[in-house]
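Coordinate analysis (summary)
The primary structure of each chain is shown beneath.
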Amino acid sequence: MRMMRQGAERLTEVFCKRNWVDEKLRDWCIYTVEKWMGILLFFLAVAVWMLISGRYLETLYFLAPFYLLRRRIGGYHAKSPAVCFFLSIAIVILVSAFLGEWLLVLPEKLLFLLDAVAIALVLVASPAYPPQLNFTEEEEKANLVRKNILAAGIFLAQIFTEIMLEPCLISFSFCGICFVLITVLIQKNNKKGERENEEN
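Now for a quick tour of the structure. Remember, it's a predicted structure, so these values are computed and weren't measured experimentally. (Residues numbered from 1 in each chain as written. Predicted model: local features only at pLDDT ≥ 70, side-chain atom pairs only at ≥ 80, totals over all residues. Heavy atoms only, no water.)

A grouping of Leu110, Leu113, Leu114, Val117, Leu121, Leu123 and Val124 is seen on the molecular surface, where their side chains present a nonpolar patch of about 600 Å² in accessible area. On the basis of relative accessibility, which here comes to 34%, the residue Leu114 falls in the partly exposed class. (Patch = residues over 30% accessible without salt bridge, like charges linked within 9 Å, V, L, I, M, F, W, Y side chains within 5 Å. Areas by Shrake-Rupley, 256 points an atom, 1.4 Å probe, with all protein chains shown as cover. Salt bridge = Lys/Arg side-chain N within 4 Å of Asp/Glu carboxyl O. Buried < 20%, exposed > 50% of the residue type's maximum accessible area, 1.4 Å probe, protein only.)

Structure follows, in structure tokens:
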């Protein structure tokens, strides 16, 4: 992962020299390039996992709400890209191979009710962005609207899946929503702890 950082720094150097990126935005550019390199590496690893395990739908039904909602609502980000990468892969494997299956012991109506509660929590939850994302108030409001539209869309997709496809797949998307909420709670708790430390 150190190679990713070095690669991001080299690319940013090129971008700055060619005046594609303002020198003042160097740190932001390094962060953004490194983030996108990490995302590409992550999805490559997920593709390998799906090929090895054969758990295509389970993985995708977990990952779609998890990834899409995290982009809008934020949540905990690991201190280093390496920890983020390995933690994310571990969660994908845990849910698609074990947790999603274990939840299927619950009655279908109860699982759907729990899922509806999780969606409702996403709708009322305020975003918790990491400090690297310097969103303006306007951008945060726009993200809030997008987050709510996305959550409603995910719920409609789950209803469609429940009626037309495989009802059991809802347990995997439910896990994705729950993990998003958990990361938001962790990030908010971390911010609260940082504020308390600054005050002391």
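This next bit is on helix α3 (residues 56–73). Over its 18 residues, α3 runs 25 Å from end to end, which matches the ideal 26 Å to within 8%, given 1.5 Å per residue. A bend of about 25° at Leu63 is the largest found in α3, and the proline Pro65 appears one to four places after it. Taken as a whole, α3 has its buried residues at Glu58, Thr59, Phe62, Leu63, Pro65, Phe66, Leu69, Arg70 and Ile73. Among the residues trailing α3, Gly74 stands out with phi positive, at a value near 80°. (Helix = DSSP H or I, 4+ residues; strand = E, 2+ residues; numbered from the N terminus. Expected span 1.5 Å × (residues − 1). Bend = angle between axes of the 7 residues up to and from the residue.)

On inspection of all chains with the given rule, the structure shows two salt bridges. Notably, a salt bridge pairs Arg55 with Glu58, separated by 3.8 Å at the nearest N-O pair. Glu58 shares its class with Arg55; the two are buried. With a closest N to O distance of 2.5 Å, Glu101 and Arg55 form a salt bridge. Of this pair, Glu101 sits in helix α4 (residues 81–102) while Arg55 sits in the loop between α2 (26–53) and α3, placing them 46 residues apart in sequence. Sharing partners across several salt bridges, the network here consists of Arg55, Glu58 and Glu101.

Enumeration according to the criterion identifies eight aromatic pairs in this entry. Aromatic side chains Phe98 and Trp102 sit 5.9 Å apart centroid to centroid with 40° between the ring planes, which places their arrangement in the tilted category. Residue Phe98 and its partner Trp102 are both found in helix α4; the two are separated by four residues, about one turn of the helix. For Phe98, a relative accessible area of 40% corresponds to the partly exposed category. (Phe/Tyr/Trp six-rings, centres within 6.5 Å; stacked < 30°, edge-to-face > 60°.)

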